[in-house]
Amino acid sequence: MRKIGLIGGMSFEGSAIYYRQINEAVRARLGELHSAEMMLWSVDFQKIVDMQKASDWQGAGDYLADVGRRLEVAGAEAVLICAVTMHLVAPQVETALSVPFLHIVDATAARLKAAGHRRPLLLATRYTMENGFYPARMAQHGIEVMVPDVEGRTLTHDIIFNELCAGKVLETSRAALIALVDQARQQGADSVIFGCTEICLILEVDKLPLPGFDSTAIHVDAAVDFLLEG
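Computed from a predicted model, the values in this text were never measured in an experiment.

Analysis parameters
- Residues numbered from 1 in each chain as written.
- Predicted model: local features only at pLDDT ≥ 70, side-chain atom pairs only at ≥ 80, totals over all residues.
- Heavy atoms only, no water.
- Helix = DSSP H or I, 4+ residues; strand = E, 2+ residues; numbered from the N terminus.
- Rg over C-alpha atoms; globule rule 2.2 N^0.38 Å.
- Buried < 20%, exposed > 50% of the residue type's maximum accessible area, 1.4 Å probe, protein only.
- Salt bridge = Lys/Arg side-chain N within 4 Å of Asp/Glu carboxyl O.
- Expected span 1.5 Å × (residues − 1).
- Arc of directions from axis to C-beta.
- Contact = heavy atoms within 4.5 Å.
- Pairing = 2+ DSSP bridges.
- Axes fitted to C-alpha atoms, helices over the stretch in contact; angles between N-to-C directions.

### Details of the overall build of the chain
Next, step 1: For the chain, the count of helices and strands is 10 helices and six strands.
Next, step 2: In summary, the chain has a C-alpha radius of gyration of 17 Å against a globular reference of 17 Å for 230 residues, a match within 12%.
Next, step 3: Principal axes of the C-alpha set define a box for the chain whose edges measure 50 × 40 × 35 Å.
Next, step 4: When burial is assessed residue by residue, the chain has 51% of its 230 residues classed as buried.

### Concerning the pattern of salt bridges
Next, step 1: In the structure shown here, the tally under the stated rule is 13 salt bridges.
Next, step 2: The salt bridge involving Asp66 is made with Arg70; its shortest N-O contact spans 2.8 Å. Of this pair, Asp66 and Arg70 both sit in helix H3 (residues 57-73), separated by four residues, roughly a single helical turn.
Next, step 3: Overall, Asp66 belongs to the partly exposed group, its relative accessible area being 27%.

### Focus on H3
Next, step 1: Between its first and last C-alpha, H3 extends 24 Å over 17 residues, near the 24 Å set by a 1.5 Å rise per residue.
Next, step 2: All buried positions along H3 are accounted for by Trp57, Ala60, Gly61, Leu64, Ala65, Val67, Gly68, Leu71 and Glu72. Axial view of H3: buried residues confined to an arc of 160°, hence all on one face.
Next, step 3: Taken together, the buried residues of H3 touch strand E1 (4-8), strand E2 (38-42), helix H2 (45-53), strand E3 (79-81), helix H4 (90-96) and helix H6 (126-130).
Next, step 4: Positive phi appears at Gly75, one or two residues downstream of H3, with a value of about 120°.

### Re the sheet that holds E2
Next, step 1: Spatially, E2-E1-E3 is the arrangement adopted by the three strands of the open sheet, whose pairing is parallel. The sheet terminates laterally at E2 and E3, the two strands that pair on one side only. In this sheet, adjacent strand axes meet at a mean angle of 20° when their direction is disregarded.
Next, step 2: Here E1 pairs with E2 via five bridges, running parallel. Across the sheet, residue Leu6 finds its bridge partner in E2, namely Leu40.
Next, step 3: Taken strand by strand, helix H1 (residues 12-30) contacts E1, E2 and E3, and its axis lies near 155° from that of E1.
Next, step 4: Contacts from H3 reach E1, E2 and E3, with the element oriented near 155° to E1.

Encoded structure:
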């Protein structure tokens, strides 16, 4: 089995999903009591949040690139970031590594295309929905990403940071997000991407007005494929 390095802690609620699902997938594929050989470096999320609010993406990228290098030195044969938003600085992390970087957008795009979907709604943090890196990467795969309007983006961002990252799951928020998905369906969306690790805590892919794609679960599959390749 290969070894992977996880850059986590953004939030720890989301990183716990990665840790559990990767191990569950390895056990499901190999049987018995097998689990994944991986290293998780959990950063102080408040440091990251402060840099996000200050638009200090260079500083955030330098911070995560350093963590990535440390994971590689510790023996990681591939590295992934356990947070969609922080893929905004993925180029800095990838450049710092000499081992593969498993990008969540590439894995999600491949799954969408395989299912025949080309115009997904993206539900994510404001940084992911508004900074352009996510739609631009998807466009390289021939996929046109839709995002909610300003009010919908604010709603989604606030639910993620004020509720899900704090372990709160509210029925009113679930209903509001489902309403956004239905609105996007009426506007021509053919699917919906859970573009933040914590979205899967409040929505289920098969209980929405559109087919759902949980990018965390897809990223996990890519990580496990790498772990067990060969």
